Amino acid sequence: MSEPQRESVTRARRVFLNNIDSYSSRTITKVLSEEPENASQLSRTETFQVVGTGSDQSGDARLQLPFTEEILRRRRGHPSFIQLMDLEMRVVRLGKSNPALFSTYVVASGLQYGMGEHIFYSYFKNSWLGMEAEMFGDGKNVVPTIHISDLARIVLSVIRLQPNVSYLLAVDSSSCTLENIVKAISSALGSGKVRKKPAEDLFLLEDMSMSAIRSMQINLQLEAIHIKNLPISWRCESGLVENMQLVLEEFLQNRGLLPLRLCVLGPPAVGTTTVSKWICEDYRLHHVTLKDVIAQPEEVLKNSDPAEELLIHLQNPEESTDVSDEQMEILRAKLKSISCRNQGFVLAGFPHTYEHAKKLFGEEADGSSSLSRMILPEFVLCLDASDSILTDRVMELPQHLVQQLGYQPEDFLRCLAAYRENNSVDKTVLTYYEERNVTALHLEVTSGEEQANRLVKEKILNMLGPPRLLSPPKVEDGRNEAEEKLRREAKEKAEETRSRAALWQEWTLRRGQMKRQEEQELEDLTGPMKSYLQEHVMPVLTRGLIHCCRRQPPDPVDFLSEFLFQNSPFNTS
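Only a predicted model underlies this, so the values are computations on that prediction, with no experimental measurement involved.

**Re the overall build of the chain**
Check the secondary structure of the chain and you find 24 helices and 13 strands. Restricting to contacts in the chain with at least 6 residues of sequence separation, those with at least 24 account for 79%. Within the structure as shown, the chain displays about 35600 Å² of accessible surface, and the carbon and sulfur contribution to it stands at 51%.

**Some details on the side chain of serine 149**
Structurally, serine 149 is set in helix H6 (residues 148-161). Residues contacting serine 149, with those up to four places away along its chain left out, are Thr27, Val31, Met115 and Arg235.

**Quick look at the environment of leucine 94**
Among the structural elements, leucine 94 can be located in helix H4 (residues 82-97). Residues leucine 94 and threonine 104, ten residues apart in the sequence, show an inter-C-alpha distance of 7.8 Å.

**Some details on the pattern of salt bridges**
This model, assessed by the stated rule, comprises 17 salt bridges. The salt bridge partner of glutamate 134 is lysine 197, with a shortest N-O separation of 3.6 Å. Taken as a pair, glutamate 134 in strand S5 (residues 133-136) and lysine 197 in strand S8 (residues 194-197) lie far apart in primary sequence, 63 residues in all. The buried category is assigned to glutamate 134, whose relative accessible area is 17%. Accessibility expressed as a relative area gives 23% for lysine 197, which makes it partly exposed. Here aspartate 384 and arginine 420 are joined by a salt bridge, their closest N and O atoms 3.1 Å apart. Taken together, the residues aspartate 384 in strand S12 (residues 379-384) and arginine 420 in helix H20 (residues 409-422) connect sequence positions 36 residues apart. Connected through shared salt-bridge partners, Glu132, Glu134, Arg195 and Lys197 make up one network.

**Some thoughts on a nonpolar patch on the surface**
A grouping of Met529, Tyr532, Leu533, Val537, Met538 and Phe570 is seen on the molecular surface, where their side chains present a nonpolar patch of about 560 Å² in accessible area. Secondary-structure assignment places methionine 529 in helix H23 (residues 479-551).

**Looking at unusual backbone geometry**
Note: most residues except glycine have negative phi, and most peptide bonds are trans. Of note, the amide linkage connecting phenylalanine 350 to proline 351 takes the cis form, showing an omega dihedral of 5 degrees. For glutamine 162, which is not a glycine, the phi torsion comes out positive at approximately 50 degrees. Counting through the fold element by element, glutamine 162 comes out in the loop between H6 and strand S7 (167-170). Taking relative accessible area as the criterion, glutamine 162 reaches 36% and is therefore assigned partly exposed. Positive phi, normally seen in glycine, also occurs at glutamine 552, with a value near 50 degrees. Tracing the chain through its elements places glutamine 552 in the loop between H23 and helix H24 (556-566). Exposure remark for glutamine 552: the relative accessible area of 64% places this residue in the exposed category.

**Brief notes about the pairing of S5**
Of the two faces of S5, the one lined by Ala133 and Met135 and the one lined by Glu134 and Phe136 are each fully buried. By the bridge criterion, four bridges tie S5 to S8 in an arrangement that is parallel. Note on S8: the bridge partner recorded for alanine 133 is valine 194.

**A few points about the packing of helix H5 (residues 121-128) against helix H9 (residues 244-254)**
The interhelical angle for the contact between H5 and H9, taken along N-to-C directions, is 80 degrees, at an axis separation of 12 Å. The angle between H5 and H9 places the two elements in the roughly perpendicular class. Here Tyr121, Phe124, Lys125 and Trp128 of H5 come into contact with H9, specifically with Met244, Val247, Phe251 and Leu252.

**Some remarks on H24**
Along H24, the residues classified as buried are Phe559, Leu560 and Phe563. Along the axis of H24, the buried positions cluster into a sector of 95 degrees, meaning they face one direction only. What points out from H24, more than 90 degrees from its buried face, is the exposed set Val557 and Phe565.

**Looking at the nonpolar core**
If you look at the biggest cluster of nonpolar residues, it comprises 34 residues, and the most contacted ones within it are Phe120, Tyr123, Phe124, Ile185, Leu202 and Met216. Put simply, the parts of the chain that give this core at least two residues each are strand S4 (111-113), H5, S5, helix H7 (178-189), helix H8 (210-216) and H9. A total of seven residues in this core trace back to one element, the largest contributor, which is H7. Excluding residues that lie within four positions of it along the chain, phenylalanine 124 makes contacts with Glu117, Ile185, Leu189, Met244, Val247 and Phe251. Counting residues in hydrophobic clusters, the runner-up holds 29 residues, among them Leu260, Val402, Phe412 and Ile460.

**Brief notes about empty space enclosed by the protein**
Counting across every chain of the model gives two cavities of 30 Å³ or more. Quantified by volume, the second largest cavity comes out at close to 30 Å³. Around the second largest cavity sit Val142, Val143, Pro144, Ser174, Ser175, Leu220, Gln221 and Leu222, which together line it. Tallied by class, residues from the lining of the second largest cavity come to five nonpolar, three polar and no charged.

**Some points on the confidence of the model for the chain**
Scored by pLDDT, the chain comes out at a mean of 78, with 80% of its residues at no less than 70. Note that pLDDT drops below 50 for residues 66-75; the model gives that stretch 19 contacts with residues more than four away or on any other chain. Below pLDDT 50 for its whole length, residues 474-478 participates in eleven contacts with residues either more than four positions away or in separate chains.

**Observations concerning H5**
Of all eight residues in H5, eight are buried, a share of seventy percent or more. Residues Tyr121, Ser122, Tyr123, Phe124, Lys125, Asn126, Ser127 and Trp128 constitute the buried set of H5. Lining the buried residues of H5 we find S5, H7, H8, H9 and helix H15 (338-343). Glycine 130, located one to two residues past H5, shows a positive phi value of around 85 degrees.

**Brief notes about the environment of leucine 230**
Within the secondary structure layout, leucine 230 lies in the loop between H8 and H9. Note: C-alpha distance between leucine 230 and arginine 153 (77 residues apart in sequence) is 9.8 Å.

Calculation notes
- Residues numbered from 1 in each chain as written.
- Predicted model: local features only at pLDDT ≥ 70, side-chain atom pairs only at ≥ 80, totals over all residues.
- Heavy atoms only, no water.
- Helix = DSSP H or I, 4+ residues; strand = E, 2+ residues; numbered from the N terminus.
- Contact = heavy atoms within 4.5 Å.
- Areas by Shrake-Rupley, 256 points an atom, 1.4 Å probe, with all protein chains shown as cover.
- Salt bridge = Lys/Arg side-chain N within 4 Å of Asp/Glu carboxyl O.
- Buried < 20%, exposed > 50% of the residue type's maximum accessible area, 1.4 Å probe, protein only.
- Patch = residues over 30% accessible without salt bridge, like charges linked within 9 Å, V, L, I, M, F, W, Y side chains within 5 Å.
- Pairing = 2+ DSSP bridges.
- Axes fitted to C-alpha atoms, helices over the stretch in contact; angles between N-to-C directions.
- Parallel < 35°, antiparallel > 145°, perpendicular 65-115°, else oblique.
- Arc of directions from axis to C-beta.
- Core = buried A, V, L, I, M, F, W, Y, C linked by side-chain atoms within 4.5 Å.
- 1 Å grid on protein atoms, 1.4 Å probe; cavity = no way out; pocket = protein on both sides within 12 Å on 5 of 7 lines; lining within 4 Å.
- Points joined across faces, edges and corners; volume = space filled by probe spheres on them.
- Nonpolar A, V, L, I, M, F, W, Y, C, P; charged D, E, K, R; others polar.
- pLDDT = per-residue confidence, 0-100.

Shown next, in the form of structure tokens:
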């Protein structure tokens, strides 16, 4: 075999990772398994065999290091990180005592972010839910950070190149404070507002481990010198704040929180508002209607450049029953808002015509169509019912709702006729959606409102899938076990309560049966006595009382006893 052929033989290098299923190790493993595009022929033949331990102690670990040597020197550090320092010193000691066995390097990283988030998850979650961002303390502390993918690439370069230094600092080039990071997250996902709270309240967060809390309180301005000499293809070298849009996309992608855009159409009184609000509530979407948007244009356009000009036009509207260009622009601004772009929206009852849809979702004034694609609905739900059913629904509504919804007889019939006319032409709103391959669902409402809503919900769930939920990251300080214990105890208590209720019900039933049985037995025992009294005693007693009333003797009791004695059927004298 020639020498070049020997170089093409695949070489496997064993890499040990502790807690291989944790946030950091999982990404490092992924990078080790990837093949860089600019790799040389020699490096492409090099593979890595990743072995290590899992976070679950009951798991099967393929390799365990004998961390048994005593530490000869101690380093000062925070009590929360003594175990990490202990591990670091042992690994370095093993590498120095057995250099032929393996090489050891210590890579101290900044706070890791990206790929769904870990330490900063609480801020991303609250902002995505529309909550106000909370700043614990003054936020002036400088927080060293690094993207988890960049950290994995640094580890890969260290393994391949084996630099001369044993200690490397892995941080990006940013020097952002915690306040800068929190404001950037809030601006990208929410309103951008930050409310400051005491630093002690940070310990009350349920989805943040104790080690993460300690890490958020550090104040270090660091510069990585040695990693600058490594050939690294950085993903976020300038830091979290400068690459917030990229990190935000990773968060939404890894958490399964991609925005959901839906349009609900239908004739008046078919139930578009009810269905839209139900979808928004279950899927955490924003309910958007043309009426609500143009009613509060200042709120929609407060961050829009042409806000003042549009507001002037709205204050002096032209005489027209159609939707004006200014109103259409306000609706577009609402759909392009941060909240609608991140969580998604349900556009109810609009557009009315093909031309409305073309104006709303068409190209921008500058010719770009990227933002228009971002607001184009992914699904369209079309509800329909016969005119007689719709008329009956309006007639059953209370008078105040009829006035509130504008369903007076003449107005309702006019709106219904306009809807039928708009959907009878060659190009309708549904035609516009079909041309752009938007998934459509047609539902015919033919029964009562409750049954119709149940049917609509079932079909919508089948089309949209289950609602999106935010799952917290794994907490490493035993909090999950405590929460599981509380849930288990609550479940046992609930089962005990149900068991007691069942026993009480059974006891009550048996007690009622026993009481009825006793009454029947008593009835059976007193039956002969009743028959005797009615046959032999009551007739004589009745006659005696009648005679007593007629004569009115001075001593009625003596008179009645004498009468009973003389007229007794058993008296033979």
